[in-house]
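Here's the letter readout for the chains.
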Amino acid sequence: MNETLKNTMLFGIIALLIIYVGFVQSWNSALLIVAMGLISSIMALGVNLQWGFAGLFNVGVMGFVALGGLAAVLIGMPPTEGAMLAGGWNVVGALLLGAGTVFAAIILAKTLAKGWLRNLAVIAMLVIGFFVFRGLLDPAVELVEEINPAQTGYLGGLGLPVLLAWPVGGLFAAAAAWIIGKTALGLRSDYLAIATLGIAEIIIAILKNEDWLTRGVKNVIGVPRPVPYEIDLQNSATFVERAASFGFDPVEGSTLWVKVLYILLFAAVLIILMWLSQRALHSPWGRMLRAIRDNEVAAEAMGKDVTARHLQVFILGSAICGIAGAMMTTMDSQLTPGTYQPLRFTFLIWVMVIVGGSGNNLGAVLGGFLIWFLWVQVEPMGLWLMNLVTSGMAEGSALKAHLLESAAHMRLLTMGLVLILVLRFSPRGLIPEK
């Protein structure tokens, strides 16, 4: 079959499935699948850049996505009144002191000759710096968190246009990737997996526990949006009249219109990143990365700086995940650190890349839409199937109750089944690398 025709058919099938959801369930559900499918595709694109181009095993996608969410809060939310005067400047000073201590310890380690004296000096500087850092930070944090803790209790953000948070989220993730890469990319590949997994868990732990920064598990709600709020549209006589002309009531019309606007924004970002990724893939840089992926020893023998190229692509892929994380938090209009789970934001993204086709950007997009559709729709489909299977069983049957309760686990079963089938019959993915 012609490759273009095959790819068109695959995307067409997904489009038909989403349209079916619109008719059978609701168009709100269908449009939400499209919006989240776009975000998932961007995340898959970032992971594909790392794994498909360079063979880097990043299992800390969740952490980079969460940093994007943090950027949406720090950029878009208004500053908490009185927080900076109460203790915010001391918090900033403590953070600068902590960073300065680490930097000074590195300089000291490079300056002094190797030996027990150097080790003792570095340890002493780090220990003293830590206690001074905590002594300045802890009282300042308490003062900040005491400011109206029911609604704020944190420093807030800069109050800038929230669209700026999307590239800033990419910068946050890129900075974290640079730290990880400088530490682990020169070692064996399994060390990178361990480092990314550990850093991701550390990032989530910080978001959950540092209330002065993100309100912790109390969550930040009301994150500004680049599109109107539904309630504002419902109060607009012009919009209500326009929605009525299309046969929609104000509530349904406003929710659909907001999702359409988000889809347009997300699609624009995906198209730009897709274009850049394709240009990178077919450039000499992209061909060099694939040569390094296929045979590091041969590439190094040809004079290529393998570690530097790995660091570049690792930073770029992580930055794309950070952008997607900021976009998702903006659409949700809230940051909820407790919802960042490895299953959703690492494992599922990897399934998208593998099923779609590792090393193929179009495959990553296909996998993003397909796997997200299944992730959302399998549970109601499973409940329908279990109701059908148990329709002849007596009411109160223990087996019937167990089967109906098991429908909630259909997601994991389906993901595993899809992964096994693709690896068995199309091991290179639905749209393989050329």
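Values in this document were obtained by computation on a predicted structure and should not be read as measured data.

Conventions and cut-offs
Residues numbered from 1 in each chain as written. Predicted model: local features only at pLDDT ≥ 70, side-chain atom pairs only at ≥ 80, totals over all residues. Heavy atoms only, no water. Helix = DSSP H or I, 4+ residues; strand = E, 2+ residues; numbered from the N terminus. Buried < 20%, exposed > 50% of the residue type's maximum accessible area, 1.4 Å probe, protein only. Contact = heavy atoms within 4.5 Å. Areas by Shrake-Rupley, 256 points an atom, 1.4 Å probe, with all protein chains shown as cover. pLDDT = per-residue confidence, 0-100. Core = buried A, V, L, I, M, F, W, Y, C linked by side-chain atoms within 4.5 Å. Phe/Tyr/Trp six-rings, centres within 6.5 Å; stacked < 30°, edge-to-face > 60°. Lys NZ or Arg CZ within 6 Å of the ring centre and 35° of its normal. Expected span 1.5 Å × (residues − 1). Arc of directions from axis to C-beta. Axes fitted to C-alpha atoms, helices over the stretch in contact; angles between N-to-C directions. Nonpolar A, V, L, I, M, F, W, Y, C, P; charged D, E, K, R; others polar. Polar contact = N/O pair within 3.5 Å; in protein donor to acceptor, adjacent residues only side chain to side chain. Salt bridge = Lys/Arg side-chain N within 4 Å of Asp/Glu carboxyl O.

Observations concerning the overall build of the protein
Helix and strand content of the protein: 18 helices and 2 strands. When the 434 residues of the protein are sorted by exposure, 47% land in the buried category. Partitioning the intrachain contacts of the protein with sequence separation of at least 6 by distance along the chain shows that 81% fall at a separation of at least 24. When the accessible surface of the protein is split by element, carbon and sulfur atoms take 70% of a total near 21,600 Å².

Some points on the confidence of the model for the protein
Looking at the protein, the pLDDT average stands at 90 and 100% of residues meet or exceed 70. Looking at the elements of the protein, mean pLDDT is at its lowest for helix 17 (residues 398-406), recorded as 77, and at its highest for helix 3 (residues 61-76), recorded as 96.

Considering the nonpolar core
One finds Ile 39, Phe 266, Tyr 340 and Ile 371 to be the most contacted residues of the largest nonpolar core, which totals 121 residues. Not counting residues up to four positions away in its chain, the partners in contact with Ile 371 are Leu 348, Val 351, Met 352, Val 355, Met 415 and Val 418.

Remarks on the packing of aromatic side chains
Taken as a whole and judged by the stated rule, the model has 9 aromatic pairs. Aromatic ring contacts, followed pair by pair, group Trp 51, Phe 57 and Trp 350 into a single cluster. If you follow Arg 344 out to its NZ or CZ, it ends over the ring of Phe 345, 4.6 Å from the centre.

Remarks on helix 3
Over its 16 residues, helix 3 runs 23 Å from end to end, which matches the ideal 22 Å to within 8%, given 1.5 Å per residue. When you tally the buried positions in helix 3, you get 15 out of 16 residues, the bulk of the element.

Structural notes on the environment of Gly 69
With respect to the helices and strands, the residue Gly 69 is situated in helix 3. Judged by relative accessible area, which is 0%, Gly 69 ranks as buried. Spatially, the C-alpha atoms of Gly 69 and Phe 369 are 21 Å apart, while their sequence positions differ by 300 residues. Setting aside residues up to four positions removed in sequence, Gly 69 forms contacts with Gly 325, Ala 326, Thr 329, Leu 335 and Tyr 340.

Some details on helix 17
For helix 17, the full list of buried residues reads Lys 400, Leu 403 and Ser 406. End-on, the buried residues of helix 17 take up no more than an arc of 125°, which puts them together on one face. Counted as exposed and oriented over 90 degrees from the buried face of helix 17: Ala 398 and Glu 405. In this structure, the buried residues of helix 17 make contact with helix 16 (361-389) and helix 18 (410-425).

Concerning the packing of helix 2 (residues 27-54) against helix 12 (residues 284-294)
Where helix 2 meets helix 12, the axes come as close as 7 Å, and the angle between the chain directions of the two elements is 65°. Contacts between helix 2 and helix 12 involve Trp 51, Gly 52, Phe 53 and Ala 54 from the former and Leu 289, Arg 290 and Arg 293 from the latter. When grouped by side-chain class, the residues that make up the contact of helix 2 with helix 12 number 4 nonpolar, 1 polar and 2 charged.

Topic: the environment of Ser 318
On the secondary structure map, Ser 318 appears in helix 14 (residues 306-332). Ser 318 gets classed as buried once you look at its relative accessible area, which sits at 0%. In sequence terms Ser 318 and Ala 267 are 51 residues apart; their C-alpha atoms lie 19 Å from each other. A polar contact of 2.9 Å, which involves the side chain of Ser 318, links it to the backbone oxygen of Phe 314.

Some words on the pattern of salt bridges
Summed over the entire model, instances satisfying the criterion amount to 7 salt bridges. A salt bridge links Lys 218 to Asp 211; the nearest nitrogen and oxygen atoms lie 3.8 Å apart. In this structure Lys 218 comes out as partly exposed when scored by relative accessible area, which is 38%. Of the charged contacts in the structure, one is a salt bridge between Arg 293 and Asp 294, with a shortest N-O distance of 3.1 Å. By relative accessible area, Asp 294 is classed as exposed at 57%.

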